[in-house]
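Structure assessment
These are the residues of each chain, in order.
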Amino acid sequence: VQLQASGGGLVQAGGSLRLSCAASGLTFSNHAMGWFRQSPGKEREFVGAISWSGFRTYYGDSVKGRFTISRDNARNTVNLQMNSLKPEDTAVYYCAVLNSLAAWGTQASADFGSWGQGTEVTVSS
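Everything in this summary refers to the structure shown in the same document.

How each quantity is defined
Residues numbered from 1 in each chain as written. Predicted model: local features only at pLDDT ≥ 70, side-chain atom pairs only at ≥ 80, totals over all residues. Heavy atoms only, no water. Buried < 20%, exposed > 50% of the residue type's maximum accessible area, 1.4 Å probe, protein only. Helix = DSSP H or I, 4+ residues; strand = E, 2+ residues; numbered from the N terminus. Pairing = 2+ DSSP bridges. Axes fitted to C-alpha atoms, helices over the stretch in contact; angles between N-to-C directions. Phe/Tyr/Trp six-rings, centres within 6.5 Å; stacked < 30°, edge-to-face > 60°. Lys NZ or Arg CZ within 6 Å of the ring centre and 35° of its normal.

On to the pairing of strand β8 (residues 77–82). Burial of β8 is extensive: 5 of the 6 residues sit out of reach of the surface. Across 6 bridges, the pairing between strand β3 (residues 17–24) and β8 is antiparallel. Following the sheet pairing, Leu19 is matched in β8 by Leu80. When strand β7 (residues 67–72) meets β8, the two strands line up antiparallel, connected through 6 bridges. Looking across to β8, one finds that Arg71 is bridged to Val78.

Now for the sheet that holds β3. A sheet is described by the order of its strands in space; here 4 strands give the open sequence β1-β3-β8-β7, paired in antiparallel fashion. Either end of the sheet is taken by a strand with one partner, and the two such strands are β1 (2–6) and β7. On average, each strand axis in the sheet is tilted by 15° relative to the strand beside it, whichever way the strands run.

Next up on the list: the packing of aromatic side chains. Overall, the coordinates contain 6 aromatic pairs when judged by the stated rule. Ring centres 5.0 Å apart and planes at 75° place the aromatic pair Phe36 and Phe112 in the edge-to-face group. Placement of Phe36 in strand β4 (residues 33–38) and of Phe112 in strand β10 (residues 112–113) is noted, with a sequence separation of 76 residues between them. Centroid distance Phe46 to Phe112: 6.3 Å. Interplanar angle 40°. Geometry classified as tilted. Taken as a pair, Phe46 in strand β5 (residues 45–50) and Phe112 in strand β10 lie far apart in primary sequence, 66 residues in all. Exposure class is identical for Phe46 and Phe112. Each is buried. Three or more aromatic residues joined by ring pairs make a cluster, and in this case those are Phe36, Phe46, Tyr58, Trp104, Phe112 and Trp115. Over the ring of Tyr94 we find Arg44, and its NZ or CZ is 4.4 Å from the ring centre. Arg71 extends its terminal NZ or CZ atom over the ring of Phe28, reaching a point 4.3 Å from the ring centre.

The structure is reproduced here in structure tokens:
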């Protein structure tokens, strides 16, 4: 399984950015997906997750109402639309595969796998 996140960059506070994650090596439409982020000196933080169908999502409290996850199963991609960005959103963002449907609703990074290379987001004040 390979996951490659892209779309990061430098943006001013209040701005928007859209990240994408391209997946290969798995039957993408069978798997729920998640986004996490990690900034220097901090633990990996849950951002949000989306069901295999794309009909259900849930988010971490720090991004709720500002970030939206979507997916395109035809293109094997999952996206993260980030609006109203804040300097504290600065981090490397990663996508991952939820290991088991039984873990749906979890925010623990241990319940996700196949971590790909992240993409760096910097929000300036």
